[in-house]
Amino acid sequence: MSLQTVRPDLAEYAREIAEIAREAGLDFFETRFECMDFNTMQQIAAFGGFPQRYPHWRFGMEFERLRKQHVYGLGKIYEMVINNDPCYAYLLNDNSVVDQKLVMAHVYAHCDFFKNNYWFSKTNRKMMDDMANHATRIRRHADRVGFEKVERFIDTCVTLDNLIDPHSPFMQRTRKQPNRGDAMPESEAEDEVVRYKSKPYMENWINPPAAARKERDAIIAEREKKTPLPAEPLRDVLKFMLEHAPLEDWEADVLAIIREEAYYFAPQGQTKIMNEGWATFWHSRMMTTRIVSDAELITYADHHSGTVATSPGQTNPYKVGVELFRDIEDRWNRGRFGKEYDECESITEARKWDKKLGLGLDKIFEVRRTHNDVTFVDEFLTPEFVDRFRMYHYRRDPATGRMVVVNRDYDKIKAQFMFMLTNHGQPYIYVVDGNYANRGELYLAHKHIGIDLDIKYAVETLKRIQSIWRRPVHLQASINEETVVFSCDGENSQQQKISEDQPKPAHTV
Amino acid sequence: MQLRINKDHQRFRQIVKGKIRDDLRKFLSRGELIGKEGKHLISIPVRGIELPHFRYGDNNDGGVGSGDAQPGDKADGSDGDQGPGGTEAGQHILEVEVSLDELADILGEELQLPRIKPKGKHQITSEKDKYSGIRRAGPESLRHFKRTFKAALRRQIMAGTYDPDNPIITPIRRDRRYRSWKTVLKPQSNAVIVYMMDMSGSMGDEQKELVRLEAFWIDAWLRRNYEGIESRYIVHDVRAAEVNRETFFRIREDGGTKISSAFKLCRSMVETHYNPEQWNVYLFHFSDGDNSSESDSRECCNLLTENLLPNVNMFGYCQVASAYGSGNFINVVHEHLADQENVITSRINTKDDIYESLKTFFTSGK
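Quick summary incoming for the structure in this document. Source: prediction; values computed, not measured.

Overview of the overall build of chain B
For step 1, the next point in the chain: For chain B, the count of helices and strands is nine helices and twelve strands.
For step 2, the next point in the chain: Taken across its 366 residues, chain B has 43% of its residues classed as buried.
For step 3, the next point in the chain: Taking the contacts inside chain B whose residues are at least 6 apart along the sequence as the reference set, 74% of them involve residues at least 24 apart.
For step 4, the next point in the chain: Put simply, chain B shows about 20,000 Å² of open surface, and 47% of that area lies on carbon and sulfur atoms.

The following block contains the structure:
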């Protein structure tokens, strides 16, 4: 139901705020607001923001968690917005009018981000419809082959849903290769042999037949040489499985659905800090300068401070994001960047530095267009910022098992921060051989970047990969600085050190 | 309002309870939400199932925070910034209070229900097919014409092939809708639980308290799961008497101990009212194990082997630690009844053992 019919007052605010947002320079898809009670809100939140998902217990699990959170007053969902064209956003019925305004301002900034940030440029903008279609497809499979069978397979797929390559939509990872390995007709090879122009009577001398034959044979031999599968290490394990695992039709469909949804959600994980920071930046600016009335100010301030509150030991993406954006705006307004500023030795001078460039707004719009969290933090987290926000680096004290503040060293903090953001804190897993030792076995490898895999989880996950691949699967990983291989053949799983006499996979990472 | 997610939620609850999908139980995690109520931190248990993923292991520690903290301070927010000397006690986390039914459910997630057998003539498991839904696959005889027609109409409108002037609707295979049914099972069984408690003088208040707690939980849990269970309560010192539920949980008595008295009363009770052909009988006996004489203990074993055990599903003996008693009865039971399958014993020393004891009684699923 449209907001106009349910709450004409809110519809009017939405229109006004959209106008203000446009004037501020935000550029968004048409945004549709819907009003609902908290039960429905929780359902939608449990479904990952969508009104319809395929049947699966894990949504029920999320629902229970959210409901308990709500019932015990530990958290409340104020706002939800879907990256879709048109954008859909949900308002909670019993929120106060100030809250609704805040949410709307926040939502328009999110929509602007979805529409303009490069990392969202390849996402499916009709996901609302597609999610519903996925639900229908999976229900249909469940009707055909049985609910539990489909559910089990979904469980298996879900354990693998982080094995995708979030960068792949932006590039052609695999070159179109001629179908190597297939026999090539001789006439086709003949065409590729280099021939020089000649008079007929000179033909045999200028293009000697023996040399041409040799060249032709070489071309055919080259074509027939088997390229390894995959041609290079592949991060998109799901795609590889889809293309090469012996799946039934319905299984392939389910796997494809899970993969598609994983790709849809990936950019949201990649830009959490920026996205929330951007939305918070704009709601606070628009609310405080244009929207709130005098009477509403206290309520607004109260709720705003709730969203940017930090608790010890946690990074609040809203807070870090908004402060980074403000910092960037300020720096570019005052020209605190570039060689000259960096090389300024005098502290007093640096403190007073102000070239009145006024480039702040342009800069933040540029940043929101091109960056993701990793590059954002890498480029804009400055020592001054770390100092100003009293950031610290903590880790587990092995003696007590508790998290303890270690230091306030800029390099350490940044390194830790970057690590948490890189690949969303997930390990890098590659397919390195799809026909290991020529036995049709799957060989995966973990690219070690400082931290070991969790062995227990790795083995369980490997078992599930095996159940899809059906032939034995292997995972090479580095555990305690030793390279080991976990193998699973469907009945047993084992772990062994790599020895010289084992066949090597096609690639290494 | 009926939410779409309720189905997913129910399914999740059933998995947690172990009714379906046993393979997922090993991924059960016991999460908690930490909240604050006044000064106290409270913990709200949240069950979850964590499907395995490739993820980083234990050496993945550390993070980034912000605020006033010195190197060495705790970063998890628990009394990190307290005054010198630590005059205040650390913050204890309380479990949030949950309703009795909910607790029984939580218990049930760990325990297995006794396999109460269908017995008795008017207690046949009733099974009924209820047409409750619509599916896309099914036998033609169950085709739902109206829904099929609607689906076809919708498809044609969407495809733009519907002509209002010439409204011909042609359902294709994809449009067909079928009635679907659920088989509703109503397990109805005759089951009786006889609780026997030693109320002798050697049982101190503490012991009685433990026994009551244990009996209370057995009772609460079985009642939660089976409707129409009968419960009988017997207390004894040297004589035994049947009492009602309230009395059983409140009574104070004194005197010597003659366990056989309770077993005799129990025997006559089972013989007169609960024909084993028709009834599932569960016996629980709670005592400090300080029987008055060896001969009585022997008599007890005889009573059990000859009269009671052949006629009951299970005999659970639960012994509480006591400062006075010898606590020998449990050994007697072990010695003489070791080969009886339906005898289960457990000991409780403190309140903490109650849960373990319940698990001992109910994991076998007898």
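Next comes the rest of the description.
Brief notes about the interface of chain A and chain B
For step 1, the next point in the chain: Each side of the interface is counted separately: chain A has 80 residues, and chain B has 62 residues.
For step 2, the next point in the chain: Interface area, chain A with chain B, both sides summed: about 6,300 Å², of which 58% is carbon and sulfur.
For step 3, the next point in the chain: On the chain A side of the contact with chain B, A:Trp57, A:Arg402 and A:Tyr457 bury the most area, a combined 11% of that side's loss.
For step 4, the next point in the chain: One can count seven salt bridges joining chain A with chain B.
For step 5, the next point in the chain: Notably, a salt bridge pairs A:Glu148 with B:Arg11, separated by 3.9 Å at the nearest N-O pair.

With respect to the sheet that holds strand β6 (residues 428–436) of chain A
All names here are of chain A.
For step 1, the next point in the chain: An order of β6-β7-β8-β9-β10 is seen for the five strands of this open sheet, with the pairing classed as mixed. Single-partner strands in this sheet number two, and they are β6 and β10 (493–497). The mean angle between the axes of side-by-side strands here comes to 25 degrees, regardless of whether they run parallel or antiparallel.
For step 2, the next point in the chain: Pairing geometry for strand β8 (residues 473–479) and strand β9 (residues 482–488), over seven bridges, is antiparallel. Directly across from leucine 475, in β9, lies its bridge partner phenylalanine 486.
For step 3, the next point in the chain: Where helix α11 (residues 237–244) meets the sheet, it contacts β6 and β7 (441–447), and its direction lies at approximately 25 degrees from that of β6.
For step 4, the next point in the chain: Relative to β8, helix α22 (residues 455–469) is tilted by about 160 degrees, and along the sheet it contacts β6, β7, β8, β9 and β10.

Describing helix α18 (residues 360–370) of chain A
For step 1, the next point in the chain: Among the residues of α18(A), A:Gly360, A:Lys363, A:Ile364, A:Phe365, A:Val367 and A:Arg368 are the ones counted as buried.
For step 2, the next point in the chain: Along its buried surface, α18(A) packs onto α5 (97–116), α13 (272–291), α15 (317–334) and α19 (373–380) of chain A.

Structural notes on the pairing of strand β10 (residues 280–287) of chain B
Residues and elements named next belong to chain B.
For step 1, the next point in the chain: In terms of burial, β10 is largely enclosed, as eight of its eight residues are buried.
For step 2, the next point in the chain: Taking every second residue as pointing to the same face, both faces of β10 are buried, with Asn280, Tyr282, Phe284 and Phe286 on one and Val281, Leu283, His285 and Ser287 on the other.
For step 3, the next point in the chain: Sheet topology note: the strand β7 (residues 191–198)/β10 ladder contains seven bridges and is parallel. Residue pairing in the sheet places tyrosine 195 in a bridge with phenylalanine 284 of β10.
For step 4, the next point in the chain: You can see the chain leave β10, run along helix α7 (residues 294–308) and come back into strand β11 (residues 314–320), and the turn it takes is right-handed.

A few points about the environment of B:Thr257
All names here are of chain B.
For step 1, the next point in the chain: Relative to the assigned elements, threonine 257 resides in the loop between α5 (245–250) and α6 (259–273).
For step 2, the next point in the chain: Judged by relative accessible area, which is 4%, threonine 257 ranks as buried.
For step 3, the next point in the chain: For threonine 257 and methionine 199, which are 58 residues apart along the polypeptide, the C-alpha to C-alpha distance reads 8.0 Å.
For step 4, the next point in the chain: Not counting the four nearest positions on each side in its chain, threonine 257 is found in contact with Asp198, Ser200, Ser202, His236, Asp237, Val238, Asp290, Asn291 and Ser292.
For step 5, the next point in the chain: A distance of 3.4 Å separates a polar atom in the side chain of threonine 257 from the backbone oxygen of aspartate 290.

Focus on the environment of A:His304
All names here are of chain A.
For step 1, the next point in the chain: Secondary-structure assignment places histidine 304 in helix α14 (residues 297–308).
For step 2, the next point in the chain: Through-space distance from the C-alpha of histidine 304 to that of aspartate 99 is 9.4 Å; in sequence the pair is 205 residues apart.
For step 3, the next point in the chain: Filtering out sequence-adjacent residues up to four positions away, histidine 304 remains in contact with Leu102, Thr280, His283, Ser284 and Arg326.

Details of the packing of aromatic side chains
For step 1, the next point in the chain: One pass over the structure, following the stated rule, counts 38 aromatic pairs over all chains.
For step 2, the next point in the chain: Seen from their ring centres, A:Phe281 and A:Trp282 are 5.3 Å apart, and the 80 degrees between their planes marks the pair as edge-to-face. Judged on exposure class, the residue A:Phe281 and its partner A:Trp282 are both buried.
For step 3, the next point in the chain: Between B:Tyr195 and B:Tyr233, the aromatic rings sit 5.2 Å apart at their centres with planes inclined by 10 degrees, giving stacked as the arrangement. Here the residue B:Tyr195 occupies a position in strand β7, and B:Tyr233 occupies one in strand β8 (residues 230–236), the gap between them amounting to 38 residues. Per residue, the accessibility class of B:Tyr195 equals that of B:Tyr233, and both read buried.
For step 4, the next point in the chain: One aromatic cluster is present, formed by A:Trp278, A:Phe281, A:Trp282, A:Phe325, A:Trp332, A:Phe337, A:Phe365, A:Phe376 and A:Phe380 through successive ring pairs.
For step 5, the next point in the chain: Above the ring of A:Tyr428, the side-chain terminus of A:Lys447 is found at 5.9 Å from the ring centroid.
For step 6, the next point in the chain: Above the ring of A:Tyr457, the side-chain terminus of B:Arg55 is found at 3.8 Å from the ring centroid.

Focus on the side chain of B:Ser346
For step 1, the next point in the chain: For B:Ser346, the location among the structural elements is in strand β12 (residues 343–348).
For step 2, the next point in the chain: Judged by its relative accessible area of 6%, B:Ser346 is buried.

Some details on the pairing of β10(A)
Residue and element names in this part refer to chain A.
For step 1, the next point in the chain: In the sheet, β9 pairs with β10 via five bridges, with the strands oriented antiparallel. When the sheet's bridge partners are listed, serine 487 is paired in β10 with glutamine 494.
For step 2, the next point in the chain: Remark: four residues form the turn of the hairpin made by β9 and β10, two consecutive strands paired antiparallel; glycine 490 in that turn has positive phi of roughly 105 degrees.

Remarks on the sheet that holds strand β3 (residues 87–92) of chain A
All names here are of chain A.
For step 1, the next point in the chain: Reading across the sheet, the three strands line up as β1-β3-β2 and stay open at both edges, with mixed pairing between neighbours. Since the sheet does not close on itself, it has two edges, and those belong to β1 (31–36) and β2 (79–82), each with one partner. Sheet twist, expressed as the average angle between the axes of neighbouring strands with direction ignored, equals 20 degrees.
For step 2, the next point in the chain: Here four bridges tie β2 to β3, and the two strands are oriented antiparallel to one another. The residue of β3 that forms the bridge with valine 81 is alanine 89.

A look at the packing of α13(A) against α14(A)
All names here are of chain A.
For step 1, the next point in the chain: Orientation of α13 relative to α14, taken along the N-to-C sense of each, is 170 degrees, at an axis distance of 12 Å. Classified by the angle between their axes, α13 and α14 sit roughly antiparallel to one another. Crossing hand, α13 versus α14: left-handed. Between α13 and α14, the residues in contact are Thr280, His283, Ser284, Met287 and Thr288 and Tyr300, His304 and Val308, respectively.
For step 2, the next point in the chain: Split into classes, the residues belonging to the contact of α13 with α14 amount to three nonpolar, five polar and no charged.

Observations concerning the pattern of salt bridges
For step 1, the next point in the chain: Under the criterion given, the structure shown has 47 salt bridges over all chains.
For step 2, the next point in the chain: For the salt bridge of A:Glu203 with A:Arg195, the shortest nitrogen-to-oxygen distance reads 3.0 Å.
For step 3, the next point in the chain: Judged by relative accessible area, which is 26%, A:Glu203 ranks as partly exposed.
For step 4, the next point in the chain: B:Glu140 is the salt-bridge partner of B:Arg143, the closest N and O atoms lying 2.4 Å from each other.
For step 5, the next point in the chain: Owing to a relative accessible area of 23%, B:Arg143 belongs among the partly exposed residues under this scheme.
For step 6, the next point in the chain: Look at B:Glu140 and you get partly exposed, because its relative accessible area is 41%.
For step 7, the next point in the chain: Taken together, the shared-partner salt bridges in this structure form one network comprising A:Glu148, A:Glu151, A:Arg152, A:Asp155, B:Arg11, B:Arg21 and B:Asp23.

Here's the deal with the nonpolar core
For step 1, the next point in the chain: Of all hydrophobic cores here, the largest spans 74 residues; its most connected members are A:Tyr90, A:Met241, A:Leu442, A:Leu444, A:Ile465, A:Leu475 and B:Phe54.
For step 2, the next point in the chain: When residues in this core are grouped by element, the largest group, nine residues, is from helix α12 (residues 249–270) of chain A.
For step 3, the next point in the chain: Residues A:Met104, A:Met274, A:Val292 and A:Phe417 belong to the second largest nonpolar core, which totals 62 residues.

Rules used in this analysis
Residues numbered from 1 in each chain as written. Chains lettered and ligands numbered in written order. Predicted model: local features only at pLDDT ≥ 70, side-chain atom pairs only at ≥ 80, totals over all residues. Heavy atoms only, no water. Helix = DSSP H or I, 4+ residues; strand = E, 2+ residues; numbered from the N terminus. Buried < 20%, exposed > 50% of the residue type's maximum accessible area, 1.4 Å probe, protein only. Contact = heavy atoms within 4.5 Å. Areas by Shrake-Rupley, 256 points an atom, 1.4 Å probe, with all protein chains shown as cover. Buried area = accessible area lost by both parts, 1.4 Å probe. Salt bridge = Lys/Arg side-chain N within 4 Å of Asp/Glu carboxyl O. Pairing = 2+ DSSP bridges. Axes fitted to C-alpha atoms, helices over the stretch in contact; angles between N-to-C directions. Right-handed = clockwise from strand over helix to strand, strands pointing away. Polar contact = N/O pair within 3.5 Å; in protein donor to acceptor, adjacent residues only side chain to side chain. Phe/Tyr/Trp six-rings, centres within 6.5 Å; stacked < 30°, edge-to-face > 60°. Lys NZ or Arg CZ within 6 Å of the ring centre and 35° of its normal. Parallel < 35°, antiparallel > 145°, perpendicular 65-115°, else oblique. Left-handed = near helix turned anticlockwise from the far one by under 90°. Nonpolar A, V, L, I, M, F, W, Y, C, P; charged D, E, K, R; others polar. Core = buried A, V, L, I, M, F, W, Y, C linked by side-chain atoms within 4.5 Å.

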